[in-house]
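Structural overview for review
So you can see what is in the structure, the chains are spelled out below.
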Amino acid sequence: VYNTVALKALQAFRCTRFADGTTRMHFAPDVECWGREHWPMVVVSALYTSCILLGLPVMLYRVIQTHSTRGTLNTNQVEWQWGFVHSAFEAEHKSWGNVL
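None of these values were measured; they are calculated from a predicted model. (Residues numbered from 1 in each chain as written. Predicted model: local features only at pLDDT ≥ 70, side-chain atom pairs only at ≥ 80, totals over all residues. Heavy atoms only, no water.)

1. Some points on the overall build of the protein chain
The helix and strand inventory of the protein chain stands at four helices and two strands. Taking all 100 residues of the protein chain together, the buried fraction comes to 27%. Long-range contacts, defined as pairs at least 24 residues apart, comprise 31% of the intrachain contacts of the protein chain with a sequence gap of at least 6. Here the protein chain displays about 7300 Å² of accessible surface, and carbon together with sulfur accounts for 61% of that area. (Helix = DSSP H or I, 4+ residues; strand = E, 2+ residues; numbered from the N terminus. Buried < 20%, exposed > 50% of the residue type's maximum accessible area, 1.4 Å probe, protein only. Contact = heavy atoms within 4.5 Å. Areas by Shrake-Rupley, 256 points an atom, 1.4 Å probe, with all protein chains shown as cover.)

Rendered as structure tokens:
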């Protein structure tokens, strides 16, 4: 799911040059690239990419590393809140859940 969402979010940056010399969005050929209709899509895509596609994995990695350093990773509260991120991995590979 993450890969599909990432590819869809980045589609706003994919432009195709047509035979008539215009550059249009690949998935919406009726929208000219870098035109008035295109900029809002680029802004939303850039915000989404930076917050969700990059920010979320970094935040989850920091949470797991912080609790791992403090020795609180296997407490009931942390398992309840963050167990979905690391519970399937062995102790030395906890942060791989964010990469995968």
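2. Remarks on the nonpolar core
Of all hydrophobic cores here, the largest spans seven residues; its members are Leu60, Val63, Ile64, Leu73, Val78, Trp82 and Val85. Looking at this core, the elements with two or more residues in it are helix 2 (38–70) and helix 3 (76–86). With five residues, the next largest nonpolar core counts Met25, Ala28, Val31 and Cys33 among its residues. (Core = buried A, V, L, I, M, F, W, Y, C linked by side-chain atoms within 4.5 Å.)

3. Things to note about the packing of aromatic side chains
Here a ring pair, both rings aromatic, is described through the centre-centre distance and the interplanar angle of the planes. The tally for this structure, following the rule as stated, stands at one aromatic pair. An angle of 55° between the planes, with centres 5.2 Å apart, marks the rings of tryptophan 34 and tryptophan 39 as tilted. Take tryptophan 34: its relative accessible area is 44%, and that puts it in the partly exposed class. (Phe/Tyr/Trp six-rings, centres within 6.5 Å; stacked < 30°, edge-to-face > 60°.)

4. Observations regarding the side chain of histidine 38
Locating histidine 38 in the fold gives a position in helix 2. Overall, histidine 38 belongs to the buried group, its relative accessible area being 0%. Apart from residues no more than four positions distant in its own chain, histidine 38 is found in contact with Ala12, Cys15, Met25, Val31, Glu32 and Cys33.

5. Some details on the side chain of histidine 67
In this fold, histidine 67 is placed in helix 2. Take histidine 67: its relative accessible area is 17%, and that puts it in the buried class. Setting aside its immediate chain neighbours within four residues, histidine 67 contacts Thr72, Leu73, Val78 and Trp82.

6. A closer look at the packing of helix 1 (residues 2–10) against helix 2
Orientation of helix 1 relative to helix 2, taken along the N-to-C sense of each, is 155°, at an axis distance of 9 Å. The orientation of helix 1 relative to helix 2 falls into the category roughly antiparallel. Regarding helix 1 and helix 2, the two cross each other, and that crossing is left-handed. In contact with Tyr2, Val5, Ala6, Ala9 and Leu10 of helix 1, helix 2 contributes Ser45, Tyr48, Thr49, Ile52, Leu53, Leu54 and Pro57. A per-class count over the contact of helix 1 with helix 2 returns ten nonpolar, two polar and no charged. (Axes fitted to C-alpha atoms, helices over the stretch in contact; angles between N-to-C directions. Parallel < 35°, antiparallel > 145°, perpendicular 65-115°, else oblique. Left-handed = near helix turned anticlockwise from the far one by under 90°. Nonpolar A, V, L, I, M, F, W, Y, C, P; charged D, E, K, R; others polar.)

Treat this as a map of the structure, not an account of what it does.
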